[in-house]
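Close look at the chain arrangement
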Amino acid sequence: MSDDGTAADAGSASREGRLPGIVTRDGDRYVRVTRGLELPPRRAALGLLGVILFVAVPDLATLSPLLQLQVVHQGVLFGLAAVGLNLLLRHTRLVSFGHAAFFGTGAYAAAILATHFDVTSMLLLLAGATLFGTLMAGVVGYLSLRHTGLYFSLLTLAFGQLLYAVVIGQGYFGSSDGLSVRPGEANQALLFGVEFGSEAYSVIVYYLTVLVVVVGLLVMWRVINSPFGNALDAIGQNRTRARFIGIPVRRYVLAAFVLSGVYGGLAGGMYGLVQQHVRPESTLYFLRSGDILFMAILGGFQTLVGPLVGGIVLVFLQDVGRDVTSYFDALTGVVLVALVFGFPRGIVGSLKRGSPFRERLGRLAADPSLAATWLRGARDAAVAAAYRAGENLRILLFGVN
Amino acid sequence: MPVDLSNLLVHTLNGVQYGFILFLIASGLTVILGILDVLNLAHGELFAFGAYVAFSVFGYVTGAIAPPSGAGGLALFLAVSLGAAVLAALAVVPLGAAIEAVFLRRLYGRDEVYQLVFTFGLLLIIKDLNKLIWGPTPVRVQSVYSGINRIPAAELVGLNFPTYKLVIIAVGAVVVAALFWFFDRTKTGRLIRATAIDREMATAIGVSTDRTFTLVFALGAFLAGFAGAIALPQSTANLAMGANPLVLSFVVIVIGGLGSLRGAFVAALLVGVLSRWAVWQYPPAELAAPFAIMILVLLVKPDGLFGTWGETA
């Protein structure tokens, strides 16, 4: 199974003969991955390296106790949901605050199928998760897309919380204890009717995830580079103008919303398979929605793979932070604040060629004494701001004199 | 189904009290949103911070100055504890002012997602700040506070209703009146509204938007802290207490119409009373009721009950 997925991105000579192809355009050479996706050699190499690293995680995890397959896996799944959310955020400029709803719907759909209907097939569980995540996205999207801006954000959040409240209040959903997704070795979900031991199970599910993620990224790439993706960009820039040039705005935005729900539901279903237990706190709570949104921004919401990287980093931060300090929330908080003021393009965005960060790094390499100047500048700015705050406070309390 | 009248009255009063708490929380959020155009996700944590400070101040002041005994002592105790709530709220003000002047100010011109990320980071940091100062276990002031409930105010009319809840209703009403008076009648309030309606014009006529914004954020923080201090005695102060008020105040401001103070007030009472009635008739609805009310209202009136901020207070 996993071979297919990696082949699609990295290119293996066995498929169709056309892959991988080298095409020459305007004198530059590009590596053709699929029809329409041609990468410059450097980026193709980077992508290949990324996929290899991605595939090698279970092996790398045996080398270092710091790196745990389960943590990376969780990060990847939340990241996948963030990739879906990023379709809205990056292109239509809509900030959804309720994507945990689709993730949670997916996870709960898998759990309900497993618990109440005794479904054993992994693929059926995933299909159910995707289906219900998509349906939920359709309903929530239909009701919240009447609005834009903050109203939209708060509506998606409210629907998410409503779902959370319903799930936590009903015994059918296991209330606050949640439901299990085929736990225990004797009972685990099957892939094509094959049973696995618990070690093998987690690795198999991981490779299934790798496959899903690679295909998901390719599909997303196709979508955002299609006329539909361009229309979404136009809507994001100016809704009124987009309507004037004949784009059916509501329908397109709803389609994008539902598509992002597909990613959320699928990721949630995989999460159910990985954790083998879903709880309302960890899948449906509004802080999860926040996490998914901030993963996209942390990784760089102007990029395709940024949300995925952000997902891995944020989950890693929360998990490793827990071991390092009891103030792991503040650690994440400091990272987010630093992100806003230092790296607004996110991790992947900052590392891209031509980004301000790369440019600064280049200047610093040329002249290391710049570091001292920048530090002094930052200190002066902080002092000035603190002084201003004090001044304002004085005026508030004692008037202008 | 026959409805017992005094039962209905008690649940309605409960709802009104809950509504006033909701308004106290949501008012700060809606004022900041209406004027600064920033959705402050850290609002719930400021609420929690106020509650924690109140715990410390209450514990010290009420114990040291006025132990609750005798009629006069009880009255003094009440006054002292309200004073303590104000003190606790004042402690949040410099925090709010500093946040606005040092950090938030640099984000106004930028994409709104950065404001969300920043205030979310702030949420996490303040949460751990509370943990650092007061420890991870919940703190409780019930013993100090049961003093007020020993004043049998409601029993005069034959009702069995905790006095402290009546105090909350009274305090809430005073705050509502004070806020409307402030934005309607005072010069500062009008300047703030002018800034909300048209920033450039306000700057042109000599209003310092910098200071207005700091003032507004500090006011919002004060209201959050005050709500925390007032709501504290009914429960414990704990690290998770910030999340629920935050989401509930989202519900309130969405029903009321984003950034409308009047809307927030009406919506808070609506949500308070209706959700208490719902819980009374069908207890499992407790968590879902506010959201269900919100969705019902929005189906009828998609833009909330009242318009935006500024034109009317």
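Chain B is annotated in an unreviewed UniProt entry as Branched-chain amino acid ABC transporter permease of Halobaculum roseum. UniProt, in the comment section headed Subcellular location (unreviewed entry), describes chain B in these words: "Cell membrane".

Under an unreviewed UniProt entry, chain A has the name Branched-chain amino acid ABC transporter permease and belongs to Halobaculum roseum. One UniProt comment on chain A, placed under Subcellular location (unreviewed entry), says "Cell membrane".

1. A look at the overall build of chain B
Helix and strand counts for chain B come out as 12 helices and 2 strands. Residue burial in chain B is summarised as follows: out of 313 residues, 57% are buried. Considering only contacts in chain B between residues 6 or more positions apart, those separated by 24 or more positions represent 80%. For chain B, the accessible surface area stands at approximately 12,200 Å², while carbon and sulfur atoms represent 67% of it.

2. What to know about the interface of chain B and chain A
Contacts between the two partners involve 53 residues from chain B and, on the opposite side, 49 residues from chain A. Summing both sides of the interface, chain B and chain A together bury roughly 4,600 Å²; the carbon and sulfur share of this comes to 76%. On the chain B side of the contact with chain A, B:Tyr114, B:Val117 and B:Phe120 bury the most area, a combined 12% of that side's loss. Seen at the junction of chain B and chain A, the total is 2 salt bridges. The closest approach of N and O atoms between A:Asp329 and B:Lys127, which form a salt bridge, is 3.7 Å. Seen at the junction of chain B and chain A, the total is 6 residue pairs in polar contact (both at pLDDT 80 or more). Elements with a minimum of two residues in the side of chain B that touches chain A: helix 3 (70-103), helix 4 (112-134), helix 9 (209-231), helix 10 (243-256) and helix 12 (289-300) of chain B. Sorting elements by how many residues they give to the side of chain B that touches chain A places helix 4 of chain B first, with 15 residues. Residues that form the side of chain B that touches chain A fall into these classes: 39 nonpolar, 4 polar and 10 charged.

3. Things to note about the side chain of A:Ser282
Summarising the element assignment, A:Ser282 is placed in helix 11 (residues 280-283). Take A:Ser282: its relative accessible area is 19%, and that puts it in the buried class.

4. Some words on the UniProt feature "transmembrane region" (unreviewed entry) in chain B
All names here are of chain B. The UniProt record annotates "transmembrane region" (unreviewed entry) at residues 20-39, 46-66, 72-104, 116-134, 164-183, 213-234, 246-270 and 282-300. In this annotation, residues 116-134 is assigned 100% helix and 0% strand; the end-to-end C-alpha distance for the span is 27 Å. Between the C-alpha atoms that bound residues 282-300 the distance is 24 Å, and the span itself is 63% helix and 0% strand.

5. A short note on the pattern of salt bridges
In this structure the tally under the stated criterion is 7 salt bridges over all chains. One salt bridge in this structure joins A:Arg288 and A:Asp291, with 3.0 Å as the shortest N-O distance. Taken together, the residues span about one helical turn, with A:Arg288 and A:Asp291 both in helix 12 (residues 286-299) at a distance of 3 residues. Among the residues examined, A:Arg288 registers a relative accessible area of 14% and is labelled buried. Judged by relative accessible area, which is 9%, A:Asp291 ranks as buried. We note a salt bridge from A:Asp380 to A:Arg379, for which the minimum N-O separation is 3.5 Å. Residue classification places A:Arg379 among the exposed positions, given a relative accessible area of 52%. Residues joined by salt bridges that share partners form a network here, namely B:Glu100, B:Arg105 and B:Asp210.

6. What to know about the nonpolar core
Of all hydrophobic cores here, the largest spans 209 residues; its most connected members are A:Leu89, A:Phe294, A:Ile297, B:Leu36, B:Leu41, B:Ile230 and B:Met294. Beyond its immediate stretch of four places on either side in the chain, A:Ile297 contacts A:Leu89, A:Leu339, A:Gly346, B:Val113, B:Tyr114 and B:Val117.

7. Considering the environment of B:Ser275
Residues and elements named next belong to chain B. With respect to the helices and strands, the residue Ser275 is situated in helix 11 (residues 261-281). Note on Ser275: relative accessible area 2%, which makes it buried. With 264 residues separating them in the primary sequence, Ser275 and His11 have C-alpha atoms 9.9 Å apart.

8. Focus: the packing of aromatic side chains
Applying the stated criterion across every chain, the model contains 24 aromatic pairs over all chains. With centroids separated by 6.0 Å and ring planes inclined at 80°, the aromatic side chains of A:Phe152 and A:Phe257 adopt a geometry described as edge-to-face. Taken as a pair, A:Phe152 in helix 6 (residues 149-169) and A:Phe257 in helix 10 (residues 249-275) lie far apart in primary sequence, 105 residues in all. Per residue, the accessibility class of A:Phe152 equals that of A:Phe257, and both read buried. Following the ring pairs from residue to residue traces out a cluster consisting of A:Phe78, A:Phe103 and A:Tyr271. In this arrangement the basic side chain of A:Arg250 is found over the ring face of A:Tyr142, its NZ or CZ atom lying 5.7 Å from the centre. Over the aromatic face of B:Tyr114 sits the side chain of B:Arg110, whose NZ or CZ is 4.6 Å from the ring centroid.

Calculation criteria
Residues numbered from 1 in each chain as written. Chains lettered and ligands numbered in written order. Predicted model: local features only at pLDDT ≥ 70, side-chain atom pairs only at ≥ 80, totals over all residues. Heavy atoms only, no water. UniProt positions renumbered as here; feature names shortened; annotations may be inferred. Helix = DSSP H or I, 4+ residues; strand = E, 2+ residues; numbered from the N terminus. Buried < 20%, exposed > 50% of the residue type's maximum accessible area, 1.4 Å probe, protein only. Contact = heavy atoms within 4.5 Å. Areas by Shrake-Rupley, 256 points an atom, 1.4 Å probe, with all protein chains shown as cover. Buried area = accessible area lost by both parts, 1.4 Å probe. Salt bridge = Lys/Arg side-chain N within 4 Å of Asp/Glu carboxyl O. Polar contact = N/O pair within 3.5 Å; in protein donor to acceptor, adjacent residues only side chain to side chain. Nonpolar A, V, L, I, M, F, W, Y, C, P; charged D, E, K, R; others polar. Core = buried A, V, L, I, M, F, W, Y, C linked by side-chain atoms within 4.5 Å. Phe/Tyr/Trp six-rings, centres within 6.5 Å; stacked < 30°, edge-to-face > 60°. Lys NZ or Arg CZ within 6 Å of the ring centre and 35° of its normal.

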